[in-house]
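Observations on the model geometry
Now for the letters of each chain:
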Amino acid sequence: MARRPLPRILTTPSASITRSRELARTAADSATDVLHPLITITRGLRRLASAGRRKWSETPKDRRGPVLFLVASCLLVVVLVPYGPLLALVVLMAVAAWTGRDRTPVQTGPDESQLQRLQTLYEALVPYFSVADDPSPLYAHGGEWDKVFTSHTFDDNGRISSLSLRYPAYFTDGEASSRARIEQVLHAKSGRGREYHFEWDEEGNELTVDVLPPLPTDLAAQRFVTTPGETVLGFTDETAVQRTLPVTDGDEQRDVPPVVWRTGPRSTEPHLLIVGQPGSGTTSLMRSIALQALQNGDVLIVEGSGTGEYACLTGRRGVLGVECGLAGAAACLEWAAHETERRLIAANRARQAGHPAPEDTRRPLWILLDRPSVLGHLAAADGRPDPQALLQVPLRHGRAASVTVVVADQFDTMDALSEPVRRHTRARVVLGSAPAAQIETVLGTAPHTTPTPEVPPGRGYARLGTGPVHRLQVPATPDPYDDATSDTHRRAVLDLLPERVAPQDDVSIVGAGDDPGVVGAGEGASAVRTADGPGAVRAADDPGAVHAADGASAPGDGELSPSNV
């Protein structure tokens with residue numbers, strides 16, 4: 001006999017129970033609104049009955065008889081008067097409604113503890129907003145705070161959530177050091193552990209302080225609705241940008257404000273520098289950028305740390321190489337420099353001939369370099385030049401050649417970054433907890449918020465060129481091969497990976513020992529032709545390599561492009 005299917009509430013209990021709770025809550029709210037007059041009258045009758053019982057118990061026994069006679073006489077008169085019972089019932093209902101009304105006092109101002117907090121904050125600002133020669137100071141010891149605090153709100157814990165204050169015109173609000181002192185005092189007195197946004201109105205001599213809500217940390221990597229040349233670095237506050245993107249959060253879809261980085265020939269910030277603490281999410285951001293870049297371009301990855309964080313990208317379509325060794329990294333970066341030159345020459349020749357630029361010169365090429373300082377130390381120990389020197393051509397001329405460079409490193413090794421990297425990476429991202437001075441050193445200006453001592457992974461700040469500093473939360477893009485990764489995030493990353501490239505047995509592969517012009521990049525990595533050899537070029541972890549003919553041109557003069565690899 002066939003088994004009957006279980007009821008839906010037993011197959012999907014969580015969704016059904018949640019839906020039932022929402023329906024029950026909605027029905028209860030609707031019933032309360034409809035029955036509110038009846039509830040009020042019933043409460044009034046109960047209060048009148050309680051008052052009458054209390055009055056009767058307080059009446060002496062020798063006076064209860066006359067009182068009872070008086071009440072009976074009144075009832076008799078009401079019964080004998082025309083329409084008396086009806087009028088008495090109406091009066092009784094009106095008195096009951098008035099008695100049963102909600103008498104909860106509405107607090108129109110701060111309570112005693114909040115008043116004390118505002119007065120303390122006012123006294124703390126007196127040394128910074130007052131001078132001895134001011135005949136009528138706004139801030140004075142023992143003064144009134146309500147004259148300078150124009151608006152204020154508190155949260156459920158009694159701490160200040162927003163505050164607007166006036167300050168004297170002679171305060172040097174144009175100096176960063178003066179503003180920093182005021183922000184530090186407000187941060188300390190309003191409650192630490194939260195992130196505050198300070199908005200200075202220098203024209204009106206007003207300062208507005210707001211407590212910022214935490215950015216969402218549960219958004220995983222996914223396909224973002226962007227145009228070619230746009231890369232989503234993360235998400236920020238709603239008031240910071242004028243654009244939102246639809247994202248999927250589990251089974252729901254919502255709109256969030258993104259931080260979009262634009263690359264390409266018309267970009268004013270074609271290259272990006274990411275700096276953070278260990279475990280702050282720099283590698284996750286690099287992985288997120290790589291997954292977005294593979295939609296319309298080719299990616300070359302050089303990992304200096306050698307931890308295998310980008311192993312999931314090896315052998316994927318569009319990935320030219322994933323290199324961890326020093327020799328292979330130098331070969332890859334040298335090939336990238338020659339490829340940049342080749343693109344420039346090919347585009348210039350096409351323009352001189354009156355033709356559009358070739359397709360292979362317009363396909364974006366991304367060079368992702370993670371922890372270049374480690375490669376620099378290895379090169380110095382081995383007596384070789386720093387591989388960062390090979391980035392000078394892609395950094396300087398990459399925008400015209402559709403070549404984008406992304407460099408990620410840590411705070412303690414920032415001194416090892418080369419001068420071209422510092423000069424040409426005008427888009428900056430800082431991740432993790434760091435002092436305000438360090439953040440200002442990387443971004444070029446201090447953020448208008450107070451950094452918190454503890455932040456989740458992927459949390460930081462972003463600044464594109466000379467624009468404002470935005471709070472940033474990187475979408476969760478962990479290593480799918482890591483055992484500590486959740487199933488949801490692992491599946492999200494695996495769904496974004498391109499398909500693997502099928503091997504090609506009919507194409508020969510030339511190793512490092514077969515041609516002196518080829519630098520071996522290690523097992524599973526790329527072998528890239530150097531400047532003086534007509535050797536082979538093969539993609540990382542891709543057996544389908546291209547074998548150059550004996551008459552192949554030198555790099556920069558018709559060299560093989562990444563789109564042909």
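The rules behind these values
- All residue numbers here refer to positions counted from 1 along the written sequence of the relevant chain.
- Whole-chain, interface and lining totals are the exception, using all residues; otherwise, since this is a predicted model, local features are given only for residues with pLDDT of at least 70 and side-chain atom pairs are given and counted only at 80 or more.
- Hydrogens are left out, water is left out, and the side-chain values use all remaining heavy atoms of the structure.
- Secondary structure is summarised from DSSP: a helix means a run of H or I of at least four residues, a strand means a run of E of at least two, and numbering begins at the N terminus for each.
- Three labels apply to residues, based on accessible area from a 1.4 Å probe with only protein chains included: buried if under 20% of the type maximum, exposed if over 50%, partly exposed otherwise in between.
- Between two residues, a contact is recorded if the distance between any of their heavy atoms is within 4.5 Å.
- A 1.4 Å probe and the Shrake-Rupley method give the accessible areas. Residues count as covered only by the protein chains that appear here.
- Any two strands with at least two DSSP bridges between them are considered paired.
- As a rule, the C-alpha atoms of each element are fitted with a line to give its axis, helices using only the stretch in contact, and angles between N-to-C directions run from 0 to 180 degrees.
- What a helix is expected to span follows from its residue count: subtract one and scale by 1.5 Å.
- For patch detection, residues must exceed 30% relative accessible area and be free of salt bridges, and they are connected within 9 Å for like charges or within 5 Å for nonpolar side chains (Val, Leu, Ile, Met, Phe, Trp, Tyr).
- Whenever a carboxyl oxygen of Asp or Glu lies within 4 Å of a side-chain nitrogen of Lys or Arg, that contact is scored as a salt bridge.
- By the counting rule applied here, Lys and Arg register as positive and Asp and Glu as negative, while His and the ends of each chain are not counted.
- We put the charge of a Lys on NZ, of an Arg on CZ, of an Asp on CG and of a Glu on CD.
- Polar contacts here mean pairs of N or O atoms no more than 3.5 Å apart (in protein, one a potential hydrogen donor and the other a potential acceptor; neighbouring residues in sequence count only if both atoms are side-chain atoms).
- The set of buried Ala, Val, Leu, Ile, Met, Phe, Trp, Tyr and Cys residues whose side-chain atoms join them within 4.5 Å is what this entry labels a nonpolar core.
- Confidence of the predictor in every single residue is expressed as pLDDT, which spans 0 to 100.
- Between 30 and 60 degrees the pair is tilted, below 30 it is stacked and above 60 it is edge-to-face, where a pair is any two Phe, Tyr or Trp rings, Trp via its six-membered ring, whose centres lie within 6.5 Å.
- Put simply, a charge is over a ring when the Lys NZ or the Arg CZ is close to the ring centre, within 6 Å, and near the line of the ring normal, within 35 degrees.

Moving on, we get to the overall build of the chain. When you go through the chain residue by residue, the secondary structure sums to 15 helices and 18 strands. Counting the 565 residues in the chain, one finds 43% classified as buried. Pairs at least 24 apart in sequence give 63% of the contacts found in the chain among residues at least 6 apart. Surface exposure of the chain reaches about 30,400 Å², of which carbon and sulfur atoms provide 54%.

Glancing now at the sheet that holds strand β4 (residues 206-211). Strand order in the open sheet formed by four strands is β1-β2-β4-β3, and the pairing between neighbours is antiparallel. Unpaired on one side and paired on the other, β1 (149-154) and β3 (196-201) mark the two borders of the sheet. Within the sheet, the average angular offset between the axes of one strand and its neighbour, ignoring direction, is 5°. Alignment of β3 against β4, held across six bridges, turns out to be antiparallel. Residue pairing for β4: Trp 200 is matched across the bridge by Leu 207. Contacting β1 and β2 (160-166), helix α6 (residues 112-129) runs over the sheet at an angle of about 135° to β1.

The next thing to look at is helix α4 (residues 61-80). For an α-helix, the turn length of 3.6 residues means that residues three or four places apart are oriented alike. In this model α4 runs 30 Å from its N-terminal to its C-terminal C-alpha over 20 residues, within 8% of the 28 Å that 1.5 Å per residue would give. Of all 20 residues in α4, zero are buried, a share of ten percent or less.

Together, Trp 56, Val 67, Leu 68, Val 71 and Leu 75 line one region of the surface with nonpolar side chains, adding up to about 460 Å² of accessible area. Broken down by element, the nonpolar patch gets its largest block of residues, four residues, from α4. Along the chain, Leu 68 turns up in helix α4.

Let's shift gears to a negative patch on the surface. A surface patch of negative charge is lined by Glu 199, Asp 201, Glu 203 and Glu 206. Here Glu 203 lies in the loop between β3 and β4.

With respect to the helices and strands, the residue Thr 413 is situated in the loop between β13 (403-410) and α13 (419-424). Among the polar contacts listed, one links the side chain of Thr 413 to the side chain of Ser 373, at a separation of 3.3 Å. The contacts of Thr 413, once residues within four sequence positions are left out, are Arg 371 and Ser 373.

Another aspect to go through is the environment of Pro 110. Residue placement: Pro 110 occurs in the loop between α5 (84-99) and α6. Those residues in contact with Pro 110 that sit more than four places away from it in its chain are Leu 115, Leu 118, Trp 145, His 152 and Phe 154.

For Thr 99, the position within the fold is in helix α5. In contact with Thr 99, not counting residues within four places along its chain, are Gly 44, Arg 47 and Leu 48.

Here we take up the pattern of salt bridges. In this structure the tally under the stated criterion is 22 salt bridges. A salt bridge links Arg 243 to Glu 230, with the nearest nitrogen and oxygen atoms 3.0 Å apart. Placement of Arg 243 in the loop between β5 (230-235) and β6 (245-249) and of Glu 230 in strand β5 is noted, with a sequence separation of 13 residues between them. For Glu 230, a relative accessible area of 13% puts it in the buried group. A salt bridge links Arg 342 to Asp 360; the shortest N-O distance between them is 3.4 Å. Note that Arg 342 is positioned in helix α9 (residues 326-352) and Asp 360 in helix α10 (residues 359-362), a separation of 18 residues in sequence. The exposure class assigned to Asp 360 is buried, which follows from its relative accessible area of 19%. Residues participating in the shared-partner salt-bridge network are Glu 195, Asp 237, Arg 459 and Arg 471.

One non-glycine residue, Arg 371, adopts positive backbone phi at about 55°. Looking at the secondary structure, you find Arg 371 in the loop between β12 (365-370) and α11 (372-382). What makes Arg 371 buried here is its relative accessible area of 18%. Phi angles above zero are rare outside glycine, and Ser 402 is one such case at about 60°. Within the element layout of this structure, Ser 402 appears in the loop between α12 (392-397) and β13. According to the relative accessible area criterion, Ser 402 is buried, its value standing at 12%.

Looking now at the nonpolar core. Counting 34 residues, the largest nonpolar core has Leu 233, Ile 274 and Leu 313 as its most contacted members. Not counting residues up to four positions away in its chain, the partners in contact with Leu 233 are Val 259, Trp 261, Leu 272, Leu 285, Ile 289, Val 429, Leu 464, Leu 472, Val 474 and Pro 475. If you look at the next biggest cluster of nonpolar residues, it comprises 33 residues, including Leu 300, Leu 369, Ala 379 and Leu 417.

Here we take up the confidence of the model for the chain. Averaged over all residues, the pLDDT of the chain equals 83, while 84% of them reach at least 70. Here residues 5-12 scores under 50 on pLDDT; set against residues more than four positions off or in separate chains, the count is three contacts. Taken as a whole, residues 505-565 scores under 50 in pLDDT and shows 132 contacts with residues more than four places along the chain or in a different chain.

Enumeration over the complete set of coordinates arrives at 11 aromatic pairs. Seen from their ring centres, Phe 129 and Phe 171 are 4.9 Å apart, and the 85° between their planes marks the pair as edge-to-face. In this pair, Phe 129 is assigned in helix α6 and Phe 171 in the loop between β2 and α7 (176-190), connecting sequence segments 42 residues apart. For the pair shown, Phe 129 and Phe 171 are each scored as buried. Between the aromatic rings of Phe 224 and Phe 235, the centroid separation amounts to 6.0 Å while the plane-to-plane angle is 70°, which identifies the pairing as edge-to-face. Within this pair, whereas Phe 224 is found in the loop between β4 and β5, its partner Phe 235 is found in strand β5, the two being separated by 11 residues in sequence. Taking relative accessible area as the criterion, Phe 224 reaches 9% and is therefore assigned buried. Relative accessible area serves as the criterion here: at 1%, Phe 235 is assigned to the buried category. A network of ring pairs unites the aromatic residues Tyr 122, Phe 129, Tyr 139, Trp 145, Phe 149, Tyr 167, Phe 171 and Trp 200 as a single cluster. A cation sits over an aromatic face here: Arg 287 above Tyr 310, 5.9 Å from the ring centre. Over the aromatic face of Tyr 461 sits the side chain of Arg 459, whose NZ or CZ is 5.5 Å from the ring centroid.

Another point: the pairing of strand β10 (residues 298-303). Burial within β10 is extensive, with six of its six residues counted as buried. As paired elements, β10 and β12 share six bridges and run parallel to each other. Counted as the bridge partner of Val 299 is Trp 366 from β12. Where β10 meets strand β11 (residues 319-323), four bridges bridge the pair, whose relative direction is parallel. What sits directly across from Val 302, in β11, is Glu 323.

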